[in-house]
Amino acid sequence: MTPDQASDLFETHRPRLVRLGYRMLGGRAAAEDIVQDAWLRWSTTDQSAVSNVGAFLARIVTRLCLDEMKSARARRELYVGSWLPEPILEQQEPELDTDELTMTLMLALERLSPLERAAFLLHDVFGQPLDEIATTLGRDAPAVRQLASRARKHVQAARPRFPVTRTDGDRIAQAFFAAAHTGDVTALRALLADDVVLHSDGGGKVFAFLRPIIGMDHVLRMYGGLYRKLGPDWTRFIRPAWIDGLPGYVSRERGAILQTTAFAIENGKIRAIYMMRNPDKLSHVNG
């Protein structure tokens, strides 16, 4: 195989490898760095000895991700405030929509061990056989089956029982913005579940709440306070968006801070609000 042929072959697998890296690490930039490292390893491999290129490359990316997750988890302990996965907007990464892993489910994956996360993603999302995953993880097939099963239970528990339709999701997201923009607490109350939780990620770069805001009354008090303090121009709607499989929108806060807001909706009520404000995670978002 010539170098050009090896490069072309790798490029056919790159989108799937980036998708795997993103689902493992929660960030597009980190995933692309991992895939670039995988390319360097592939370029020095005897490609003629590789019988299943897709499995071989997925194995490299998975192992690199597992190594990265060890240091990433240590960095998370020093992270300022809540950590959320980097938001991926549907129109920008359409291949990510095929696995139905929403922001809510990504956060459920964060609570798994690295091996559980890898086993679940490789088996349930990417459809790899157990024997291939066993080779990748250095475990036998029964152990991999148990890892994937434990992970699956966590993900299923986080999956909404009644997913929102596209039409209802767009309607609720835009109604939320309109109510928040005008300080209409009564309209906001009608949209929120009693146990709603608001998560915001500023990464220590811009203002965000250090801890989740839990419960309808606390969330209403927060939005009411923003309107009273900053007035009707505190936020500007840019466009609707589906963000990691959830309805939401892109906005500018106080004229400068770019933000994505995504909503987990069940039974017509908003159960969770995910606000990304960290500029390092929004460099790919047009606003």
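What you are looking at is a predicted structure, and each value in this text was computed from that prediction instead of being measured. (Residues numbered from 1 in each chain as written. Predicted model: local features only at pLDDT ≥ 70, side-chain atom pairs only at ≥ 80, totals over all residues. Heavy atoms only, no water.)

Chemist: I'd like to hear about the packing of helix α1 (residues 3-25) against helix α5 (residues 114-125), residue by residue, with values.
Modeler: Viewed as axis vectors pointing N to C, α1 and α5 meet at an angle of 140°, and their least axial separation amounts to 10 Å. One element, α1, and the other, α5, form an angle in the oblique class. α5 is crossed by α1, and the crossing has right-handed handedness. Along the contact surface, α1 presents Arg19, Leu20, Arg23, Met24 and Leu25, while α5 presents Arg117, Ala118, Leu121, Leu122 and Val125. Residue classes in the contact of α1 with α5 are distributed as 7 nonpolar, no polar and 3 charged. (Axes fitted to C-alpha atoms, helices over the stretch in contact; angles between N-to-C directions. Helix = DSSP H or I, 4+ residues; strand = E, 2+ residues; numbered from the N terminus. Parallel < 35°, antiparallel > 145°, perpendicular 65-115°, else oblique. Left-handed = near helix turned anticlockwise from the far one by under 90°. Contact = heavy atoms within 4.5 Å. Nonpolar A, V, L, I, M, F, W, Y, C, P; charged D, E, K, R; others polar.)

Chemist: Outline the pattern of salt bridges, listing residues and values.
Modeler: Scanning all chains against the criterion turns up 13 salt bridges. Residues arginine 117 and glutamate 110 are paired through a salt bridge, measuring 2.6 Å at the closest nitrogen-oxygen approach. Here arginine 271 makes a salt bridge to glutamate 266, at a shortest N to O gap of 3.6 Å. The exposure class assigned to arginine 271 is partly exposed, which follows from its relative accessible area of 32%. Residue classification places glutamate 266 among the buried positions, given a relative accessible area of 12%. Three or more residues joined by partner-sharing salt bridges are found here, namely Arg161, Asp195, Glu266 and Arg271. (Salt bridge = Lys/Arg side-chain N within 4 Å of Asp/Glu carboxyl O. Buried < 20%, exposed > 50% of the residue type's maximum accessible area, 1.4 Å probe, protein only.)

Chemist: Describe in detail the pairing of strand β4 (residues 246-253), supporting the description with residues and values.
Modeler: If a strand is regular, its side chains alternate between the two faces of the sheet. The buried count for β4 comes to 7 of 8 residues, which makes it a mostly enclosed element. Across 8 bridges, strand β3 (residues 235-243) lies against β4 in antiparallel orientation. Across the sheet, threonine 235 pairs through a bridge with glutamate 253, a residue of β4. In terms of strand pairing, β4 meets strand β5 (residues 257-266) through 6 bridges, oriented antiparallel. Looking across to β5, one finds that arginine 252 is bridged to leucine 258. (Pairing = 2+ DSSP bridges.)

Chemist: Requested: an account of the sheet that holds strand β6 (residues 269-276), with residues and values cited.
Modeler: Strand order in this open sheet of 6 strands is β2-β1-β6-β5-β4-β3, and the pairing throughout is mixed. The open sheet has two free edges, formed respectively by β2 (213-214) and β3, since each of these has just one partner strand. In this fold helix α4 (residues 103-110) packs onto β4, β5 and β6, with an angle of close to 75° to the strand it touches most, β6. Relative to strand β1 (residues 192-201), helix α10 (residues 216-230) is tilted by about 55°, and along the sheet it contacts β1, β2 and β6.

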